[in-house]
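Residue strings, one per chain:
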Amino acid sequence: AGIAVASPFATHIVMFGMPAVLATIGGAHQDYRFRRGWGGELTPEVDAKTSNIPFLALLSGDQQWSALRNELKPVNSVLAVL
């Protein structure tokens with residue numbers, strides 16, 4: 001999304017900015033559906049502790065880093081780095 005802000009071309013703005021827009025809208029839509037019990041569940045307790053901005057809940061102290069460590073799969077983490 002950074003290059004979308006710096007580019008003077010509309011095509012670059014759309015191409016590089018759209019993933020951020022879709023992620024924001026998609027995340028809000030999924031939360032909306034899960035709050036109503038359509039296709040998943042989002043309890044008020046979990047909703048209060050989570051964020052649509054990556055790592056914001058961890059950095060603000062709403063979630064614990066140890067929970068993230070327990071949730072990560074080492075094989076997936078190694079493959080992502082390669």
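The structure contained in this document is the topic of the report that follows. None of these values were measured; they are calculated from a predicted model.

### Quick notes on the overall build of the protein
Part 1 of the argument: In terms of regular secondary structure, the protein is built from 6 helices and 0 strands.
Part 2 of the argument: If you list the helices and strands of the protein from N to C, you get α-α-α-α-α-α.
Part 3 of the argument: For the protein, the C-alpha radius of gyration of 17 Å lies well beyond 12 Å, the compact-globule estimate for 82 residues.
Part 4 of the argument: With respect to the three principal axes, the spread of C-alpha positions in the protein is 45 × 35 × 25 Å.
Part 5 of the argument: Looking at the 82 residues of the protein, the share that counts as buried comes to 10%.
Part 6 of the argument: Relative to all contacts within the protein whose residues are 6 or more apart in sequence, the contacts with residues 24 or more apart total 6%.
Part 7 of the argument: If you sum the accessible surface of the protein, you get close to 6,800 Å²; carbon and sulfur atoms cover 66% of it.
Part 8 of the argument: Placing the 6 positive and 6 negative side-chain charges of the protein at their respective mean positions leaves the two points 4 Å apart.

### Details of helix α2 (residues 10–35)
Part 1 of the argument: Compared with the 38 Å implied by 1.5 Å per residue over 26 residues, the 36 Å span of α2 between its first and last C-alpha is a close match.
Part 2 of the argument: The sharpest bend along α2 reaches about 45° and sits at Gly 17, with the proline Pro 19 one to four residues further on.
Part 3 of the argument: Considered for burial, the residues of α2 that qualify are Gly 17, Gly 27 and Asp 31.
Part 4 of the argument: After α2 finishes, the residue Gly 37 shows a positive phi value of roughly 80°.

### Some remarks on a nonpolar patch on the surface
Part 1 of the argument: Judged by side-chain polarity, Val 14, Met 18, Val 21, Leu 22 and Ile 25 come together as a nonpolar surface patch covering roughly 440 Å² of accessible area.
Part 2 of the argument: The topology assignment puts Ile 25 in helix α2.
Part 3 of the argument: For Ile 25, a relative accessible area of 54% corresponds to the exposed category.

### Considerations on the packing of aromatic side chains
Part 1 of the argument: Evaluation of the coordinates by the stated rule reveals 1 aromatic pair.
Part 2 of the argument: Measuring from centroid to centroid gives 5.9 Å for Tyr 32 and Trp 38, while their planes differ by 80°, and the two rings are edge-to-face.
Part 3 of the argument: Using a relative accessible area of 43% as the deciding quantity, one classes Trp 38 as partly exposed.

### Topic: the environment of Val 14
Part 1 of the argument: One can find Val 14 in helix α2.
Part 2 of the argument: Put simply, Val 14 and Thr 50 are 36 residues apart on the chain and 28 Å apart in space, counted from C-alpha to C-alpha.

Criteria and cut-off values
Residues numbered from 1 in each chain as written. Predicted model: local features only at pLDDT ≥ 70, side-chain atom pairs only at ≥ 80, totals over all residues. Heavy atoms only, no water. Helix = DSSP H or I, 4+ residues; strand = E, 2+ residues; numbered from the N terminus. Rg over C-alpha atoms; globule rule 2.2 N^0.38 Å. Buried < 20%, exposed > 50% of the residue type's maximum accessible area, 1.4 Å probe, protein only. Contact = heavy atoms within 4.5 Å. Areas by Shrake-Rupley, 256 points an atom, 1.4 Å probe, with all protein chains shown as cover. Lys, Arg positive; Asp, Glu negative; His and termini not counted. Charge placed at Lys NZ, Arg CZ, Asp CG, Glu CD. Expected span 1.5 Å × (residues − 1). Bend = angle between axes of the 7 residues up to and from the residue. Patch = residues over 30% accessible without salt bridge, like charges linked within 9 Å, V, L, I, M, F, W, Y side chains within 5 Å. Salt bridge = Lys/Arg side-chain N within 4 Å of Asp/Glu carboxyl O. Phe/Tyr/Trp six-rings, centres within 6.5 Å; stacked < 30°, edge-to-face > 60°.

By themselves, these are just geometric observations and shouldn't be taken as functional.
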